[in-house]
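What follows is the residue order along each chain.
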Amino acid sequence: MGIWSGRFSKELDSIASEYNSSIGVDHVMFREDIEGSKAHAKMLSECDIISKEDEELIINGLDGIKSDIENKTLEIDMKAEDIHMFIETELTKRIGDAGKRLHTARSRNDQVVTDLRLYLRNLITEIESEIVMLCESIIAKSEQNIDSIMPGYTHLQAAQPVTFAHHLMAYCQMLIRDLSRFRDAKTRLNESPLGAGALATTVYNIDRHRTSELLGFNKPMLNSMDAVSDRDFVIETEYCASMTMMHLSRLSEELIIWSSQEFGYIELDDAFTTGSSIMPQKKNPDMAELTRGKTGTVIGITMGMITTMKGLPLAYNKDLQEDKKGVFEVIDILSKTLKVTRGMIDTLKVNSDTMKAKANNGYIVATDLADYLTEKGMPFRDAYKIVGGIIKKASEEKKNLEDYGIEMYREFSEVFDTDLFEAISLEKSLSRRAVYGGPSPVAVKKQIEETKKILSKTKES
Ligand code: ARG
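Residues numbered from 1 in each chain as written. Predicted model: local features only at pLDDT ≥ 70, side-chain atom pairs only at ≥ 80, totals over all residues. Heavy atoms only, no water.

What about the side chain of Gln-111?
Mapped onto the elements, Gln-111 comes out in helix 7 (residues 108–143). Take Gln-111: its relative accessible area is 2%, and that puts it in the buried class. Excluding residues that lie within four positions of it along the chain, Gln-111 makes contacts with Asp-33, Ser-37, His-84, His-103 and Arg-106. (Helix = DSSP H or I, 4+ residues; strand = E, 2+ residues; numbered from the N terminus. Buried < 20%, exposed > 50% of the residue type's maximum accessible area, 1.4 Å probe, protein only. Contact = heavy atoms within 4.5 Å.)

A short note on helix 7
Each α-helix turn comprises 3.6 residues. Residues three or four places apart therefore point the same way. Compared with an ideal rise of 1.5 Å per residue, which puts 36 residues at 52 Å, helix 7 spans 52 Å between its outermost C-alpha atoms and is within 8% of the ideal. Counted residue by residue, helix 7 has 27 buried out of 36 residues, so it is predominantly covered. One side-chain oxygen of the residue at the start of helix 7 lies 2.8 Å from the amide nitrogen of Asn-109, identifying that residue as Ser-107. (Expected span 1.5 Å × (residues − 1). Polar contact = N/O pair within 3.5 Å; in protein donor to acceptor, adjacent residues only side chain to side chain.)

A closer look at the pairing of strand 1 (residues 149–154)
Two strands pair when backbone bridges link them, and strand 1 and strand 2 (residues 157–163) are joined in this way by six bridges, in the antiparallel orientation. Counted as the bridge partner of Thr-154 is Gln-157 from strand 2. Linking two consecutive strands that pair antiparallel, namely strand 1 and strand 2, is a turn of two residues; a positive phi of about 55° is found at His-155 within it. (Pairing = 2+ DSSP bridges.)

Notes on the nonpolar core
The biggest cluster of nonpolar side chains holds 67 residues, and the ones touching the most others in it are Ile-138 and Ile-266. For this core, the secondary-structure elements that each account for two or more residues are helix 7, helix 8 (164–189), helix 11 (232–258), helix 12 (286–309), helix 13 (323–347) and helix 20 (441–460). With sequence-adjacent residues up to four places away left out, Ile-138 is seen in contact with Leu-168, Met-169, Tyr-171, Cys-172, Leu-175 and Ile-345. If you look at the next biggest cluster of nonpolar residues, it comprises 28 residues, including Met-378, Tyr-404, Leu-420 and Leu-430. (Core = buried A, V, L, I, M, F, W, Y, C linked by side-chain atoms within 4.5 Å.)

Topic: the pattern of salt bridges
Summed over the entire model, instances satisfying the criterion amount to 38 salt bridges. Salt-bridge contacts for Glu-128 lead to Lys-186; the nearest nitrogen and oxygen are separated by 3.2 Å. Of this pair, Glu-128 sits in helix 7 while Lys-186 sits in helix 8; the two residues are 58 residues apart in sequence, bridging distant segments of the chain. With its nearest N and O atoms 3.1 Å apart, the salt bridge here joins Arg-433 to Asp-368. Linking Arg-433 in the loop between helix 19 (426–431) and helix 20 with Asp-368 in helix 15 (residues 366–375), this pair joins segments that are 65 residues apart in sequence. Of the residues examined, Asp-368 reaches a relative accessible area of 3% and is grouped as buried. (Salt bridge = Lys/Arg side-chain N within 4 Å of Asp/Glu carboxyl O.)

Focus on unusual backbone geometry
Cis geometry marks the peptide bond from Leu-314 to Ala-315; its omega dihedral reads 0°. Its place among the elements puts Ala-315 in the loop between helix 12 and helix 13. In this structure, His-155 takes a positive phi of about 55° despite not being glycine. With respect to the element layout, His-155 can be found in the loop between strand 1 and strand 2. Classification of His-155 by relative accessible area gives exposed; the value is 75%.

This is how it looks when you write it as structure tokens:
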């Protein structure tokens, strides 16, 4: 019966006890629980609510428990209700009455949410550095491929020439926004619920600003009922992860397509692919496929948590205990996905000849041909129509644009001259797209420089 033996005359049913317990999930927060309790004890003694001697006993006791768990001389009892109860019980076993005083002016409701905020704050910081490292890998691969021409697609139909660098760098920009989303989420998460008590604070004259400061929070939360009962910071973390996973999933989908025999644009390294048990020729992009698959899991968990929250009256309800399992899994998946994606990017080989050959095939300079006529004074819509006719003819005759001499073009318009062939070369088409944010090698170099600056700034802050 433990802690609430006063009110109860029966032990909890064994199935109910198992159902109720969250230690299987929340035991990972033992350090944060101890950190939170130490700050609380220090504040209690500074406010003369417990004695200095009790504070010292508590702090030494908690430090002992922490190192004993870390060196595995203390095993966490998986039958305990949660990590908070386990640590408090263990502390009381070790230091007696002082241990029982620790919970003065505190409830598990403010304790658990304090621990979770501390824990997620650390996890998000790790995720942020993983995102930065992936961006750096993408930049390195892009720098080697500034001149690797490939078809850019819309509707997965060859559209206009771009480079492999420009295509990859698009993902880098998405990841930088993901990074800023996590940072922003971390700012909102970084407020202290400690001292909110069960829901209505406490009658003791505690100093919530002090515990907030001791734990590195920006400030104590302004409303005690909000502090113990909302989990928007959990959902927001999951949402940021979902968005990042969605980006990684799209990149993975492209890695899968590009490494197929039909495309052959890249080869994924042996270390990030698997073979088939039956077909010896196979090299399967499992990591990329799993990224796509796990993205579904992450989005599902996010939807699950927001659904769990939507009907809960204030303040704490035990439903909230469901918050941790999902968000821990989400962060674990995201962290591993960022690492595995970095591995794939670092080691993939680019077949730039194949990319360029494909770019030469799909009439992807058709827009340039129309722009050529437009520059000579023809209205764009007329030029578009004429070029459409030329493409129709060429595709019926299964020929490329440069397979024809000037006479054929003249049949469509007198405006055509031999300089058209330069205008429709892939290199020219590309180098002319030098607008800010464009795919020309010059513009991509600028993009990379600017991106590097943004990244080094985020590293400083
Ligand atoms: N294990 C609980 C959780 O994760 C701790 C809070 C329990 N509070 C309570 N009033 N029963 O949410």
